[in-house]
Amino acid sequence: MREIPVPLTSSRLPLPSPPSPPLARPEVEGLQAYSAPLEGRRGLLRLDFNENTVGPSPKVVEAIRAIPADHYAIYPEYDGLREAVATNLADRSGGRAGLAHSLTPDHVGLFNGVDAALHAVFHAYGASGDRLLTTSPTFGYYTPCAQMQGMAIEAIPYQGADFAFPLDQLRAALLGQPPRLLLICNPNNPTGTRLAPELILELAAAAPQTLVVVDELYEAFTGDSVLPLVDFERHPNLLVLRSLAKTAGLAGLRMGFAIGDPGVVDRVSRVSGPYDINSFAVTAALAALADQSYVDAYVQQVGQARDWLVQQLMAAGVRHHAAGGNYLLLWPKQGPALVEARLREAGILVRSMDGKPLISGSLRVSIGTLEHMERFWAAYAAIEHPTT
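Described below are features of the structure shown in this document. (Residues numbered from 1 in each chain as written. Predicted model: local features only at pLDDT ≥ 70, side-chain atom pairs only at ≥ 80, totals over all residues. Heavy atoms only, no water.)

For the coordinates displayed, the defined rule picks out 14 salt bridges. The shortest N-O distance in the salt bridge between Arg41 and Glu51 comes to 2.8 Å. Taken as a pair, Arg41 in the loop between helix H1 (26-29) and strand S1 (45-46) and Glu51 in the loop between S1 and helix H2 (58-65) lie far apart in primary sequence, 10 residues in all. An identical accessibility class is assigned to Arg41 and Glu51; each is buried. A salt bridge links Arg270 to Asp266; its shortest N-O distance comes to 2.7 Å. With Arg270 and Asp266 both in helix H8 (residues 262-270) and 4 residues apart, the pair spans about one turn of that helix. The exposure class assigned to Asp266 is partly exposed, which follows from its relative accessible area of 37%. Residues joined by salt bridges that share partners form a network here, namely Arg41, Arg46, Asp48 and Glu51. (Salt bridge = Lys/Arg side-chain N within 4 Å of Asp/Glu carboxyl O. Helix = DSSP H or I, 4+ residues; strand = E, 2+ residues; numbered from the N terminus. Buried < 20%, exposed > 50% of the residue type's maximum accessible area, 1.4 Å probe, protein only.)

Right, here's the structure in full:
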């Protein structure tokens, strides 16, 4: 009689485990990436990420629509954009500060948003064992940028109920053992804390071996920039980051700048791709820079809306903090998670700061136009003080 073979089963011979993907560098394996809830935001009142709430200049839209279809197939060209940035910064019209020391195109680096500029700074200047000195709480992306390079992080807390800048403590840490990088967000996100530009220049001069990076994404709303004062020949270790996301309404196109000594800009640019910025962003940036009056008008609207909202908060006895930038912090009585969810049901997005050092229990609310803030306040007041 012919014997029928018995098929092997998992009980008789274990199946091999599915292969695992290759491990990354140890710094990356242990990294918790910076993430933000970016989906499902369209069609809502966006007061969660400090964006421009009305969109870019109509001239930007016209410029993008005028791009010929065959240009989609051509790699982007950047001629003229660095010059346009330098010219825009030097402009003194409309009461703008201008520059005490002129800039050349070599002083300007172009990046796919300031996030990419930050990543390039750490990639170019941060190595395993190096130290980042910064403040706390501040923009969350600084930490993973440092961690992926294996850097040590020293974050000095803001001080007191008004979140004052810890200048003495930071200066002592800077001079005691100069770090590789000092990163100052000015005005700071999320506390709005501001540091006078003259003091930033003093810190840079006191630690010439430290690269001092100043994140100025929100300076237009408070006017704290170091650029009108700085001479990069005297402060070659200073690098200033700017964006067209918060003021000009180009957050979706990703356009950032790093402005500093040409040698530093060159080194940071070396670790970026040759075509990181797309043609649409270049076209939009040129149009936005050429329509500064539109940006100035929007910034003025935000300032007026912020003043109005602060008056409502004070009259209602709501704990809040509004020091700088196009945002403020407030502490709801019912807790940030519940109020955040209820506001979303009303079509309004805000950002919970729960769990963040010093400001846990608060909401960060971006400031838009007066109409937007009136809508926010009506919804917030109805949630916190419902009528019976």
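After presenting the structure, the write-up continues.
What follows is about the sheet that holds strand S13 (residues 363-366). Spatial ordering of the open sheet is given by S9-S10-S13-S12, a layout of 4 strands whose pairing is antiparallel. The open sheet has two edge strands, strand S9 (320-321) and strand S12 (351-352), and neither has a second partner. Across 2 bridges, the pairing between S9 and strand S10 (residues 327-330) is antiparallel. From the neighbouring strand, His320 faces S10, where its bridge partner is Leu330. Across the face of the sheet, helix H10 (residues 292-316) comes into contact with S9 and S10 while running at roughly 10° to S10. (Pairing = 2+ DSSP bridges. Contact = heavy atoms within 4.5 Å. Axes fitted to C-alpha atoms, helices over the stretch in contact; angles between N-to-C directions.)

Attention now moves to the state of the cysteines. Throughout the structure, instances matching the rule amount to 0 disulfides. Cys185 provides the cysteine sulfur closest to Cys145, a residue in no disulfide bond, and the two sulfurs are 13 Å apart. (Disulfide = S-S within 2.5 Å.)

The strand order across the open sheet formed by 7 strands is S2-S8-S7-S6-S5-S3-S4, and the pairing between neighbours is mixed. A strand with exactly one partner marks an edge of an open sheet, and here the two such strands are strand S2 (108-111) and strand S4 (152-157). Between one strand and the next, the sheet's axes are offset by a mean angle of 20°, whatever the strand orientation. When strand S5 (residues 181-185) meets strand S6 (residues 211-215), the two strands line up parallel, connected through 5 bridges. Paired with Leu181 across the bridge in S6 is Leu211. Along the sheet, helix H4 (residues 113-125) contacts S2, strand S3 (131-136), S5, S6, strand S7 (238-243) and strand S8 (256-260); its crossing angle with S7, the most-contacted strand, is approximately 155°. The sheet contacts of helix H6 (residues 167-176) involve S3, S4 and S5, and relative to S3 the element is tilted by about 180°.

So, about the nonpolar core. One finds Leu181, Leu238, Leu239, Met255, Leu330, Val365 and Phe376 to be the most contacted residues of the largest nonpolar core, which totals 109 residues. Broken down by element, this core gets its largest block of residues, 8 residues, from H10. (Core = buried A, V, L, I, M, F, W, Y, C linked by side-chain atoms within 4.5 Å.)

Enumeration over the complete set of coordinates arrives at 9 aromatic pairs. Ring centres 5.5 Å apart and planes at 90° place the aromatic pair Phe139 and Tyr142 in the edge-to-face group. Note on accessibility: Phe139 and Tyr142 belong to one class, buried. With a centroid separation of 5.0 Å and 80° between ring planes, the pair formed by Tyr218 and Tyr327 is classed as edge-to-face. Linking Tyr218 in the loop between S6 and S7 with Tyr327 in strand S10, this pair joins segments that are 109 residues apart in sequence. For the pair formed by Tyr218 and Tyr327, the shared burial category is buried. Joined through ring pairs, the aromatic side chains of Phe139, Tyr141 and Tyr142 make up one cluster. (Phe/Tyr/Trp six-rings, centres within 6.5 Å; stacked < 30°, edge-to-face > 60°.)

For the rest of this paragraph, the subject is the pairing of S10. Residues Tyr327 and Leu329 line one face of S10 and the alternating positions Leu328 and Leu330 line the opposite face, and both faces are buried. What sits between S9 and S10 in their antiparallel hairpin is a turn of 5 residues, with Gly325 showing a positive phi close to 80°.

Turning to its location among the elements, His107 is positioned in the loop between helix H3 (81-90) and S2. Contacts of His107, omitting those with residues within four sequence positions, involve Ser102, Phe232, Ala258, Ile259, Gly260, Asp261, Pro262 and Val265.

Omega for the peptide link from Asn186 to Pro187 comes to -5°, which places this bond in the cis form. Of note, the amide linkage connecting Asn189 to Pro190 takes the cis form, showing an omega dihedral of 25°. Within the secondary structure layout, Pro190 lies in the loop between S5 and helix H7 (197-206). Even without a glycine there, the phi angle at Arg254 is positive, about 65°. Note that Arg254 resides in the loop between S7 and S8. Taking relative accessible area as the criterion, Arg254 reaches 28% and is therefore assigned partly exposed. The backbone of Leu358 sits at a positive phi, close to 75°, despite the residue not being glycine. Counting through the fold element by element, Leu358 comes out in the loop between S12 and S13.

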